[in-house]
Amino acid sequence: MFNELIKMAEQQDEPQRLLFLFSKADSGSDKPATEKHPKNGTIEPKMCVDKLPTELSSFDALVKEADSINDDWNFVFIAGLSGQGGKAPTTEMADPYLNKMTNDVVTGQNIANYVVLDRKCQAIELMPS
């Protein structure tokens, strides 16, 4: 899925910058989730980074880089930011969008707008409680 996301970003009409928010989920309970009673908990943002698609070689490399900074995360939220006029957005341009991602995750709003992957690159579906 990660490689497909990178390919899709590279195929857009305008250059993209990818935004990553690494977060830690706390289930708040040791009970297993069921269809009737999904697991509830909180998500705590840990760190953000933005990268051009060309700066990403693999998901494993991204995880390794993230872990070298802070390994206390278990989900990564991903979004794309489109450039204009054939130029990719700068890191400075990405800052307000990374702040918005953080606010969305903290409040549980608009999280459906993001691709969410776990450490094994498996897609995760999160729902606001």
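Cut-offs and rules
- Residues numbered from 1 in each chain as written.
- Predicted model: local features only at pLDDT ≥ 70, side-chain atom pairs only at ≥ 80, totals over all residues.
- Heavy atoms only, no water.
- Phe/Tyr/Trp six-rings, centres within 6.5 Å; stacked < 30°, edge-to-face > 60°.
- Helix = DSSP H or I, 4+ residues; strand = E, 2+ residues; numbered from the N terminus.
- Buried < 20%, exposed > 50% of the residue type's maximum accessible area, 1.4 Å probe, protein only.
- 1 Å grid on protein atoms, 1.4 Å probe; cavity = no way out; pocket = protein on both sides within 12 Å on 5 of 7 lines; lining within 4 Å.
- Points joined across faces, edges and corners; volume = space filled by probe spheres on them.
- Salt bridge = Lys/Arg side-chain N within 4 Å of Asp/Glu carboxyl O.

Trainee: I keep staring at the packing of aromatic side chains and nothing clicks. Help me out?
Mentor: The geometry of two aromatic rings is summed up by the distance between their centres and the angle between their planes. Considering all chains together, one arrives at 4 aromatic pairs under this definition. Between Phe2 and Phe20, the aromatic rings sit 6.5 Å apart at their centres with planes inclined by 40°, giving tilted as the arrangement. Placement of Phe2 in helix α1 (residues 2-10) and of Phe20 in strand β1 (residues 16-26) is noted, with a sequence separation of 18 residues between them. For the pair shown, Phe2 and Phe20 are each scored as buried. Taking 6.3 Å as the distance between ring centres and 85° as the angle between the ring planes, the aromatic pair formed by Phe77 and Tyr114 counts as edge-to-face. With Phe77 in strand β3 (residues 75-82) and Tyr114 in the loop between α3 (91-107) and β4 (115-118), the pair connects residues that are 37 residues apart, well separated along the chain. Accessibility classification places Phe77 together with Tyr114 in one group, the buried group. Among the aromatic residues, ring-to-ring pairing joins Phe2, Phe20 and Phe59 into one connected group.

Trainee: Where do I start with the layout of surface pockets in this structure?
Mentor: Over the atoms, a rolled probe matching the size of one water molecule traces out where space is still vacant. Size it by volume and the second largest pocket reaches roughly 220 Å³. Around the second largest pocket, the lining is made up of 13 residues, and of these Leu5, Met8, Leu18, Gly80 and Val115 lie nearest the centre. Secondary-structure elements contributing two or more residues to the lining of the second largest pocket are α1, β1 and β3. Here the lining of the second largest pocket gets 4 residues from one element, more than from any other, and that element is α1.

Trainee: Would you take a moment to explain the pattern of salt bridges for this structure?
Mentor: Once their charged atoms are close, side chains differing in charge can pair, the charge on each being opposite to the other. According to the stated counting rule, one finds 7 salt bridges in the structure shown. A salt bridge links Asp50 to Arg17; its shortest N-O distance comes to 2.8 Å. One end of the pair, Asp50, is in strand β2 (residues 42-51); the other, Arg17, is in strand β1, and 33 residues separate them in sequence. Given the relative accessible area of 9%, Arg17 is considered buried. A salt bridge links Asp67 to Arg119; its shortest N-O distance comes to 2.7 Å. Here the residue Asp67 occupies a position in helix α2 (residues 59-69), and Arg119 occupies one in the segment after β4, the gap between them amounting to 52 residues. With relative accessibility at 29%, the residue Arg119 sits in the partly exposed group.

Trainee: Could you clarify how one ought to interpret unusual backbone geometry in this entry?
Mentor: Negative phi is the rule for most residues except glycine; trans is the rule for most peptide bonds. At Asn110, a position not held by glycine, the phi torsion is positive, near 60°. Relative to the helices and strands, Asn110 is located in the loop between α3 and β4. We note that Cys121 has phi near 70°; this positive angle belongs to a residue other than glycine. Mapped onto the secondary structure, Cys121 falls in the segment after β4.

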